[in-house]
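Observations on chain architecture
Read off the chains here:
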Amino acid sequence: MTVTSQETILPAVATQLFIGGSWRPAASGRELPVHDPATGELLAAVADADEADGVAALDAAVDAAEQWAATPPRERGEILRAAFDLLRERRTVFATVMTREMGKPFAEAQGEITYGGEFLRWFAEEAPRISGRYGDNPAGTGRIVVSHRPVGPCFLITPWNFPLAMATRKIAPALAAGCTVVLKPAELTPLSALLFCQLLTDAGVPAGVVNVVTTSSPAPLAARLIADRRLRKLSFTGSTPVGRKLMAQAAENVLRTSMELGGNAPFLVFADADLDAAVEGAMLAKFRNIGQACTAANRFLVQRPVADEFARRITERVSALVVGNGMRPDVTVGPLVEDRAVESVDRLVRDAVQRGASVRTGGAPLAGPGSFYPPTVLTGVPGGSALLREEIFGPVLAIVPFDTEDEGVALANDTEYGLVSYVYTQDLARGHRMVDRLETGMMGLNAGVISDPAAPFGGVKQSGIGREGGAEGIAEYLTTKYTLIPR
């Protein structure tokens, strides 16, 4: 897994906190190390913020809020469009930083740049389309005016698995709506967020509108900001247990919240499915981002007449994947984000095997350096296995056979999560039934990748509340005001 010296060069990235338009060290002087998960190499040391730094960032966001809200929507949109253009120009730099700090293959990192950039373009177009309504009240005694205003200063918490796209998916609608923000990126992958912050400044975002605090102590910093009455919105992407705690804290000040939480996505393959298409969709739904995605297919429910053939075909494809440092052009599966992730995935696989599952390929951690787990296929996974209940968040494909449509639906819905589901069938009527019967906020019908900036992203049950993307995405950052004008 050796790479050339040219491939290992990390582009220059600011490593301090960005508050009120200025880069500054943490008040404590502490720094947070950032490592390359493919090699264990120390990439950088970034400022390690404490609660005081968080408050300073919120101060800056509050100070800038009124002027940014008063900025014409067209102007806000043009700044976001400028950011989109700059991101396209700098895609190689961003992809290099992302691969080095997170591990995903370079080609996938470039794909994330494209995906993340589309949120900037989409919400640049949505900013001037914020509207309301006007009309007579039913009694005819006056006119109803409904208008929308920015919700106010926002606290945005993003995960490590899509370090750029999750930032653009939250920051773009907030800025389009006229809100100012404090962004706290994941401690494992802060460099992409800091690089993006510099890009926003270059695009013309005024001082204080976007502030970034990196920290190794997110819980106390978040608690301090959420308790501040000046904060009006919390948006979080991450695990369900953490999301529950944040929602409880946000209740004290009745904050607007958006929560994109865990998933346990079922991937149903019916006997009438186009198996070639199903296998291709499964590869995308499972191994994109090394399986480290809340939308990753977790449970492959395959109708019994085609279960063996599906397993044979998918194992052949998975066995051909190349594992290694994501900066190598031939690599299709990079490292997991850290050693703890490898341990978590291995625990789930060992539990399934001990219960009777069969390993078709992979199935054990790879020797270091780096945090590698091979692409794995398990068949005959019995009920009660931990990986059928928990989010795998790694390159493990678990196959469970089923007999009837009702049984497949029951297995798919047998989870506390409800983010996304995937269905492969050539029966149009069955496809429509799945839309109605599967308890998820999103569904791919004969599609293995569903995310689109123009569509609302979010789940039901323990997978969260609110939506990101689409026309619905900007509404999360707007309040609704009703005014009566008597005749």
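Residues numbered from 1 in each chain as written. Predicted model: local features only at pLDDT ≥ 70, side-chain atom pairs only at ≥ 80, totals over all residues. Heavy atoms only, no water.

Points about the sheet that holds strand S5 (residues 133–136)
Taken in spatial order, the three strands line up as S5-S6-S22 in an open sheet, and their pairing is antiparallel. With partners counted over all chains shown, the strands left at the sheet margins are S5 and strand S22 (478–486), one partner each. Strand-to-strand twist of the sheet, defined as the mean angle between neighbouring strand axes without regard to direction, takes the value 20 degrees. Here four bridges tie S5 to strand S6 (residues 142–150), and the two strands are oriented antiparallel to one another. Bridging across to S6, tyrosine 134 finds its partner in valine 145. (Pairing = 2+ DSSP bridges. Helix = DSSP H or I, 4+ residues; strand = E, 2+ residues; numbered from the N terminus. Axes fitted to C-alpha atoms, helices over the stretch in contact; angles between N-to-C directions.)

Topic: helix H3 (residues 91–102)
Its twelve residues give H3 an end-to-end C-alpha distance of 16 Å, which sits within 8% of 16 Å, the value for a rise of 1.5 Å per residue. All buried positions along H3 are accounted for by Phe94, Ala95, Thr96, Val97, Met98, Thr99, Arg100, Glu101 and Met102. Residues of H3 that are buried make contact with strand S3 (31–35), strand S4 (42–47), helix H2 (73–89), helix H4 (106–126) and helix H6 (191–203). Looking one or two residues past H3, glycine 103 carries a phi angle of roughly 105 degrees, positive in sign. (Expected span 1.5 Å × (residues − 1). Buried < 20%, exposed > 50% of the residue type's maximum accessible area, 1.4 Å probe, protein only. Contact = heavy atoms within 4.5 Å.)

Some details on the environment of proline 374
Locating proline 374 in the fold gives a position in the loop between strand S14 (358–361) and strand S15 (376–379). When the C-alpha atoms of proline 374 and leucine 336 are compared, they prove to be 9.8 Å apart, with 38 residues separating the residues in sequence. Aside from chain neighbours lying at most four places away, what touches proline 374 is Val323, Gly362, Gly363, Ala364, Pro365, Leu366 and Pro395.

So, the layout of surface pockets
Approximately 1,400 Å³ is the volume found for the largest pocket. Taken together, the elements giving at least two residues each to the lining of the largest pocket come down to helix H5 (165–177), helix H7 (218–226), strand S10 (233–237), helix H8 (240–251) and helix H11 (339–354). Here the lining of the largest pocket takes six residues from H8, the largest share from any one element. Residues of the lining of the largest pocket, tallied by class, amount to 25 nonpolar, 13 polar and eleven charged. By volume, the second largest pocket amounts to about 300 Å³. Pro33, His35, Leu188, Val337 and Glu338 are, among the 17 residues lining the second largest pocket, the residues nearest its centre. Elements represented by at least two residues in the lining of the second largest pocket include exactly S3 and H11. When residues of the lining of the second largest pocket are assigned to their parent elements, the largest contribution, four residues, is made by S3. (1 Å grid on protein atoms, 1.4 Å probe; cavity = no way out; pocket = protein on both sides within 12 Å on 5 of 7 lines; lining within 4 Å. Points joined across faces, edges and corners; volume = space filled by probe spheres on them. Nonpolar A, V, L, I, M, F, W, Y, C, P; charged D, E, K, R; others polar.)

Focus: the environment of glycine 470
Looking at the element boundaries, glycine 470 is found in helix H15 (residues 470–475). A residue is classified by how much of its surface remains accessible, and glycine 470, at 0% relative accessible area, is buried. Sequence spacing of glycine 470 and leucine 246 is 224 residues, and the spatial spacing of their C-alpha atoms is 25 Å.

Here's the deal with empty space enclosed by the protein
In total, this model carries three cavities of 30 Å³ or more according to the counting rule given. When its volume is computed, the largest cavity comes out at roughly 80 Å³. Lining the largest cavity, in full, are Leu284, Ala285, Lys286, Arg288, Ala293, Thr295, Ala296, Tyr422, Gly448, Val449, Ile450 and Ser451. A total of three residues in the lining of the largest cavity trace back to one element, the largest contributor, which is helix H9 (residues 275–287). Taken together, the residues of the lining of the largest cavity break down into seven nonpolar, three polar and two charged. Volume-wise, the second largest cavity comes out at about 60 Å³. Of all the secondary-structure elements, those providing two or more residues to the lining of the second largest cavity are strand S12 (265–269), helix H13 (405–413) and strand S17 (417–418). Taken together, the residues of the lining of the second largest cavity sort by class into seven nonpolar, five polar and three charged.

Focus: the pairing of strand S16 (residues 396–402)
Burial within S16 is extensive, with six of its seven residues counted as buried. As paired strands, strand S13 (residues 297–303) and S16 are joined by five bridges and run parallel to one another. Each residue of the ladder has a partner; that of phenylalanine 300, found in S16, is isoleucine 399. Inspection of the sheet shows S15 paired to S16 by three bridges, in the parallel sense. Within S16, the position partnered with valine 377 by the bridge is leucine 397.

Thoughts on the pattern of salt bridges
One pass over the structure, following the stated rule, counts 36 salt bridges. Two residues, aspartate 202 and arginine 90, come together in a salt bridge whose shortest N-O distance is 3.1 Å. One end of the pair, aspartate 202, is in helix H6; the other, arginine 90, is in the loop between H2 and H3, with 112 residues separating them in the sequence. Ionic pairing is found between arginine 169 and glutamate 468, a salt bridge with its closest N-O pair at 2.9 Å. With arginine 169 in helix H5 and glutamate 468 in the loop between strand S21 (464–465) and H15, the pair connects residues that are 299 residues apart, well separated along the chain. Judged by relative accessible area, arginine 169 falls into the buried class, the value being 2%. Shared partners join several salt bridges into a network, and the residues in it are Asp272, Glu405, Asp406, Arg430, Arg433 and Arg437. (Salt bridge = Lys/Arg side-chain N within 4 Å of Asp/Glu carboxyl O.)

Remarks on the packing of aromatic side chains
According to the stated counting rule, one finds eight aromatic pairs in the structure shown. Each ring, one from tyrosine 115 and one from phenylalanine 119, has its centre 5.1 Å from the other, and the planes form 75 degrees; the classification is edge-to-face. With tyrosine 115 and phenylalanine 119 both in helix H4, this residue pair falls four residues apart, about one helical turn. As far as the burial class goes, tyrosine 115 and phenylalanine 119 line up, both buried. Feature note: the residues Phe267, Phe300, Phe310, Tyr422 and Tyr424 constitute an aromatic cluster, connected by ring pairs. The aromatic ring of tyrosine 477 is capped on one face by lysine 233, whose charged end is 4.8 Å from the ring centroid. Just above the ring of phenylalanine 270 sits the side chain of arginine 430; from NZ or CZ to the centre is 4.4 Å. (Phe/Tyr/Trp six-rings, centres within 6.5 Å; stacked < 30°, edge-to-face > 60°. Lys NZ or Arg CZ within 6 Å of the ring centre and 35° of its normal.)

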